[in-house]
Structures are given as C-alpha cells and as structure tokens.
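Read off the chains here:
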There are 2 protein chains.
Amino acid sequence: MNIKEKIGLRVKRLRKEKNISQEALANISNIDRTYIQSIEKGERNISITILEKIASGFKISISELLKDI
Amino acid sequence: MNIKEKIGLRVKRLRKEKNISQEALANISNIDRTYIQSIEKGERNISITILEKIASGFKISISELLKDI
DNA sequence: GTGTGACTTTGAGTCCGTC
DNA sequence: CGACGGACTCAAAGTCACA
C-alpha cells in the first residue's frame, strides 16, 4: 500500500470517527466534495496546503493527521 | 509565515543538523538539487510524495518531519 | 556547493451533473 | 449521502543554463 492510499484510509477513518459526511468535511475544509472522494480512494498526491485544510477541518495538526504514515 | 516557508525552514534546519549539503540531501532523497533549494526557500507547495522522499532522506517519519508545523 | 529564473509536462484541484 | 465521470484551469513536478 502506497502513501496516497494510506492517507486516504486515514482521512476516511477520521471522518467516520467524527461521524461526518464527505460533503460536510469538504465544506468545513474548503475543499471540493469530489476531491475528498478522490483523496479517500488514494488516487491523489495531495499537497501540503490540502493537508493543512483537511487537518484544520478535523481540528488536528498536520503531524497528527499523518501519524503512523 | 505560511506553511511552505515553515517547511522550508524545517528542512533547512534538519539538513544543517545532519551537516549535509543540499546536493547530498538531493541525492539521497532522489530529488533535484534545485528543487530542494526551492523548497527551502518556501516557494513550493510540496506534495506528500515529496515529503515522503525528504523524510526518508532524513531517515525520519513524515509526521516527525512535520512536527510543530 | 549554492542561488536564481525560466521552462514544459503532468497532475492537482474545481465545477458540472448523474445515478 | 456516496460513487463516478467529463471538462476545465492552474500549479506541482522536474529539469536546465548560468551566475
């Protein structure tokens, strides 16, 4: 499993834990809904700014978002 | 200071700590020398795969690379 | 060994709609 | 609400010559 897939799973798991929809995460993170989907599928090589947006959406640090990755 | 600049400084500091040149870091990380340079200047919005390369070059985890960022 | 500007190609990232 | 796809724009990836 590559790093993109790992991050996808991590995002998906965090999202499930918080019990929010892809759409909701997309909104609070200021990212496109379809892009979140693509990320969760492990298709995208996301940039640090997107990582930052997602982390802030989850209200955690980037380093926390990438823990165990 | 934005996140790109923060990462640039972090990379630069880690590199100085290890006492290696940009060229050496570039080689062990499999990245172009000028690209490392651009990253250290905080100009690049680097992706997760580049973060992975740099982290592995430093022999640390990505989460460790992004600590305090 | 470092610093810079310029460049091309590929994919990041957005927006639309459908099922 | 999640999954998928088309079409689009702009930026990340990667390299070069020269100082």
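Enquirer: Sorry, what's going on with the protein's contact with DNA strand C here?
Expert: Of all residues adjacent to DNA strand C, which total 18 residues, the nearest are Tyr-35, Asn-45 and Ser-47 of chain A together with Gln-22 and Gln-37 of chain B. In this structure, Arg-33 of chain A approaches DNA strand C through a side-chain N or O atom, which is 3.3 Å from a base oxygen. If you list the elements that add at least two residues to the surface near DNA strand C, you get helix H3 (33-40) of chain A together with helix H2 (22-29) and helix H3 (33-40) of chain B. Split into classes, the residues belonging to the surface near DNA strand C amount to four nonpolar, seven polar and seven charged.

Enquirer: Explain H3 of chain A here, please?
Expert: Along an α-helix, residues three or four positions apart point the same way, because every turn accommodates 3.6 residues. For H3 of chain A, the full list of buried residues reads Ile-36, Ser-38, Ile-39 and Glu-40 of chain A. Along its buried surface, H3 of chain A packs onto helix H1 (3-18), helix H2 (22-29) and helix H4 (48-58) of chain A.

Enquirer: I would appreciate a short explanation of the protein's contact with DNA strand D in the present structure.
Expert: Close to DNA strand D lie 18 residues; Gln-22 and Gln-37 of chain A together with Tyr-35, Asn-45 and Ser-47 of chain B are nearest. Within 4 Å of the protein, the atoms of DNA strand D are drawn from sugar and phosphate moieties in a proportion of 57%. Thr-34 of chain B places a side-chain nitrogen or oxygen 3.0 Å from a base nitrogen of DNA strand D. Going through the elements one at a time, H1, H2 and H3 of chain A together with H3 and helix H4 (48-58) of chain B are the ones with two or more residues in the surface near DNA strand D. Here the surface near DNA strand D is built from residues that sort into three nonpolar, seven polar and eight charged.

Enquirer: Just to check I follow, could you spell out unusual backbone geometry for this structure?
Expert: Excluding glycine, a negative phi dihedral is what most residues carry, and trans is how most peptide bonds are arranged. A positive phi angle is found at Asp-68 of chain A, which is not glycine, with a value near 65 degrees. Mapped onto the elements of the fold, Asp-68 of chain A is located in the segment after helix H5 (62-65). By relative accessible area, which is 74% here, Asp-68 of chain A ends up exposed. A positive phi angle is found at Asn-30 of chain B, which is not glycine, with a value near 60 degrees. Following the sequence through the fold, Asn-30 of chain B ends up in the loop between H2 and H3.

Enquirer: When you look at the nonpolar core in this model, what are you seeing that I'm missing?
Expert: Across soluble globular proteins, nonpolar side chains have a tendency to be buried as a group. Ranked by size, the top nonpolar core spans 40 residues in total, and within it Leu-51 of chain A together with Leu-51 of chain B carry the most contacts. The residues touching Leu-51 of chain B, leaving out its near neighbours within four places in the chain, are Ile-48 and Leu-51 of chain A together with Ile-7, Ile-46, Ile-62, Leu-65 and Leu-66 of chain B.

Enquirer: What should I look at first to understand the relation of the copies chain B and chain A in this one?
Expert: Taken together, a rotation about one axis and a shift along it account for how the two chain copies relate. Mapping chain B onto chain A calls for a rotation angle of 179 degrees and an axial translation of 0.1 Å; the resulting RMSD is 0.1 Å. Look at the turn and shift together and you get a two-fold axis relating the two. Closest approach to the rotation axis within chain B is made by the C-alpha atom of Ser-47 of chain B, at a distance of 1.8 Å.

Enquirer: Explain the side chain of Ser-63 of chain A here, please?
Expert: Mapped onto the elements, Ser-63 of chain A comes out in helix H5. If near-sequence neighbours (up to four positions away) are discounted, Ser-63 of chain A is found in contact with Ser-63, Leu-66 and Lys-67 of chain B.

What counts and what doesn't
Residues numbered from 1 in each chain as written. Chains lettered and ligands numbered in written order. Predicted model: local features only at pLDDT ≥ 70, side-chain atom pairs only at ≥ 80, totals over all residues. Heavy atoms only, no water. Near = heavy atom within 4 Å. Polar contact = N/O pair within 3.5 Å; in protein donor to acceptor, adjacent residues only side chain to side chain. Helix = DSSP H or I, 4+ residues; strand = E, 2+ residues; numbered from the N terminus. Nonpolar A, V, L, I, M, F, W, Y, C, P; charged D, E, K, R; others polar. Buried < 20%, exposed > 50% of the residue type's maximum accessible area, 1.4 Å probe, protein only. Contact = heavy atoms within 4.5 Å. Core = buried A, V, L, I, M, F, W, Y, C linked by side-chain atoms within 4.5 Å. Least-squares fit on C-alpha atoms with pLDDT ≥ 70 in both.

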